[in-house]
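Now for the letters of each chain:
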Amino acid sequence: MSEHDFDVIVVGGGHAGCEAAFACARMGFETALITLSEKTVGALSCNPAIGGVGKGQLTREIDALGGVQAFITDLAGLHYRMLNTSKGEAVRSLRAQVDKEQYSLEMRNLMETQDRLRIIEGSVEDIHVDGTQVGGVCLEDGSVIRSRKVIMTNGTFLRAVMHIGEDVTSGGRVGEGAVAGLTGALGTLGLETGRLKTGTPPRLDRKSIDWSLLTPQVPDQEPDGFCHWTPPPRREWMDCHVTKTDEAVHEVIRQHLHRSPMYSGQIEGVGPRYCPSIEDKIVRFPERQGHTIHLEREGLETDSIYVNGISTSLPADAQEELVAKIPGLESARFLRHGYAVEYDFFPPHQIRRTFECRALDGLYLAGQICGTSGYEEAAAQGFLAGVNAALSLKDEAPFLLGRDEAYLGVLADDLVRCDPREPYRMFTSRAEFRLQLRHDNADFRLARKGADLGLISESQVEQIETLSQRVEEVVEKLHRTTVGTKNLHEILRAPGARWGDVLEAHSAPADWSVDEELQERVRIAVRYEHYIERQQDEVERMRRQEQWLIPDDLDYSEISGLRSEAREKLVRLRPDSIGAAQRIAGVSPADISCILVVLRSGVRGGDDE
């Protein structure tokens, strides 16, 4: 393996790091996963759940391409719920509550038994540079581990500090330290840094909660799970429980608000808008009479209850006072107080859609280090970074997904053209083509691509392609079969229609060998067929715009007619195509026309529509 110790080094053992390391190793490259502690590989730092609106689609897509998050989730799943069931399939998303200890254990076992993958405990403090490209990493003890690619997935550990009221301690997670020198080391490469904040709620003792005062939330009884290839192990699914805050709780928070690090000025970083602390909720929504709280057990072998909905960094005594006012929690005992974490990140305009840094060849960033929040967003970035690092080692074209192909494509495109002031979170509303990027069809869309990467077997692809062909055949038969003045396709397309309505109208489909899975696939295909057909013109227009590639070194200062705001945004974000440039806030159609004039002159071109 030449003089290098490894082909790829992945720094950090969280969700991004595990996906990146697993992908590189499975694609044939000797890979090192360097983590502060082997015991925390795959750890769920905050909530005991995977998925949710938009996030669940990311997990399904990673699985369809050959990643691991969905598989591990199903091994550890305790409670599944399909969200948005009262809405259309385009916005339905699966969420699973998991056993946190089992999740980490299963992930660690998978990493430890994967060929060409080695886990190393250590703290990376510097990047070893070999000429104009990355050459490996330098550890805290002064040793150097060499590699041809380095993927940084440090999560919330860079110069991280934890806040509980006025108490401030170093660390990115309870019981773990921070990484001190790496931010400065990356800064010497020319990377710009920023500061963000995240938080977590208290953990309570299950035995001290009055469950009779809480409302049970029953899981789906026959969940399909996240993984396309294996069903989740059947077990007795666990209920969650729901309660609410009220004015008495809100008054306690208002009385102690001046002691909150977020409002005293102690914390500088900005937290996630869509997962605010309970302090933020009270301040931003003073008209609300109450906020819903979900109590989720963190595992089968623990009494720890995650109190989803009251993320807080208030002082310990204030947390205990407010929790005691919540119905059902009056006598609750704390196992751990909530806290906030403030950490460094690197604004993602400094990476390409491959997640490789512009500042140094062979260096990749993925996960919360790029300014995102959430396990699923991190896993998606880690997977894409790992795949592209491996493809680069093979001297093959990068793996880039379009916004019309996957939520992973939306995520990558959003990140490289955004300048986050708060952690980025995926939602279905971010995908303009979400009608065709559904939870149910991730395998149809992406399994072949996973096989081309070598991460999905041909037998798996054949299974999916056979099912896809059967869907097309049945849809065609529905078009051809007429009952009176209607064909069966029109009957199934009616709002609220089910396969039973087709059988009631015509007995022939009973002979088509249409099992329950195929029935549901056909029903969804029929429902969205015309909408997707109408959307294809927009998709094709966007694809033509993406073909107009913009050279990375294009000198925007030499383009006459560009407005100052557009020039500043384009220089900072460096879009790789006309399509990407058009999606940047502050770049007008007139600015795009100026760029096209230059591209048409011979710099690089394509169709202009």
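Everything numeric in this text was worked out from a predicted model, so none of it was measured. (Residues numbered from 1 in each chain as written. Predicted model: local features only at pLDDT ≥ 70, side-chain atom pairs only at ≥ 80, totals over all residues. Heavy atoms only, no water.)

Draft legend 1. View of the overall build of the chain. A tally of helices and strands in the chain yields 19 helices and 22 strands. Taking 2.2 N^0.38 as the reference for a compact globule, 609 residues should give roughly 25 Å; the C-alpha atoms of the chain span a radius of gyration of 25 Å, in line with that estimate. Relative to its full complement of 609 residues, the chain shows a buried share of 58%. Restricting to contacts in the chain with at least 6 residues of sequence separation, those with at least 24 account for 73%. (Helix = DSSP H or I, 4+ residues; strand = E, 2+ residues; numbered from the N terminus. Rg over C-alpha atoms; globule rule 2.2 N^0.38 Å. Buried < 20%, exposed > 50% of the residue type's maximum accessible area, 1.4 Å probe, protein only. Contact = heavy atoms within 4.5 Å.)

Draft legend 2. A look at the side chain of Gln69. With respect to the helices and strands, the residue Gln69 is situated in helix 3 (residues 69-76). Among residues more than four places away in sequence, those in contact with Gln69 are His15, Glu19, Ile50, Thr59, Ile62, Tyr103, Tyr375, Glu376 and Ala379.

Draft legend 3. Structural context of helix 17 (residues 564-573). If you check which residues of helix 17 are buried, you get Ala566, Leu570 and Leu573. Within helix 17, the buried residues cover an arc of 85° as seen down the axis, which keeps them to one side. Turned more than 90 degrees away from the buried face of helix 17 sit Ser564 and Glu568, all of them exposed. Looking at the residues trailing helix 17, positive phi occurs at Arg574, about 45°. (Arc of directions from axis to C-beta.)

Draft legend 4. Quick look at empty space enclosed by the protein. Counting across every chain of the model gives 1 cavity of 30 Å³ or more. Approximately 50 Å³ is the volume attributed to the largest cavity. Around the largest cavity, the lining residues are Arg353, Leu384, Phe399, Leu400, Leu401, Leu408, Gly409 and Ala412. Ranked by residues supplied to the lining of the largest cavity, first place goes to helix 11 (residues 407-416) with 3 residues. Of the residues belonging to the lining of the largest cavity, the class tally is 6 nonpolar, 1 polar and 1 charged. (1 Å grid on protein atoms, 1.4 Å probe; cavity = no way out; pocket = protein on both sides within 12 Å on 5 of 7 lines; lining within 4 Å. Points joined across faces, edges and corners; volume = space filled by probe spheres on them. Nonpolar A, V, L, I, M, F, W, Y, C, P; charged D, E, K, R; others polar.)

Draft legend 5. Focus on the environment of Gly181. By the element assignment, Gly181 lies in the loop between strand 11 (167-170) and helix 5 (182-187). Judged by its relative accessible area of 30%, Gly181 falls in the partly exposed class. Distance from Gly181 to Glu140, taken between C-alpha atoms, is 9.0 Å for residues 41 residues apart in sequence.

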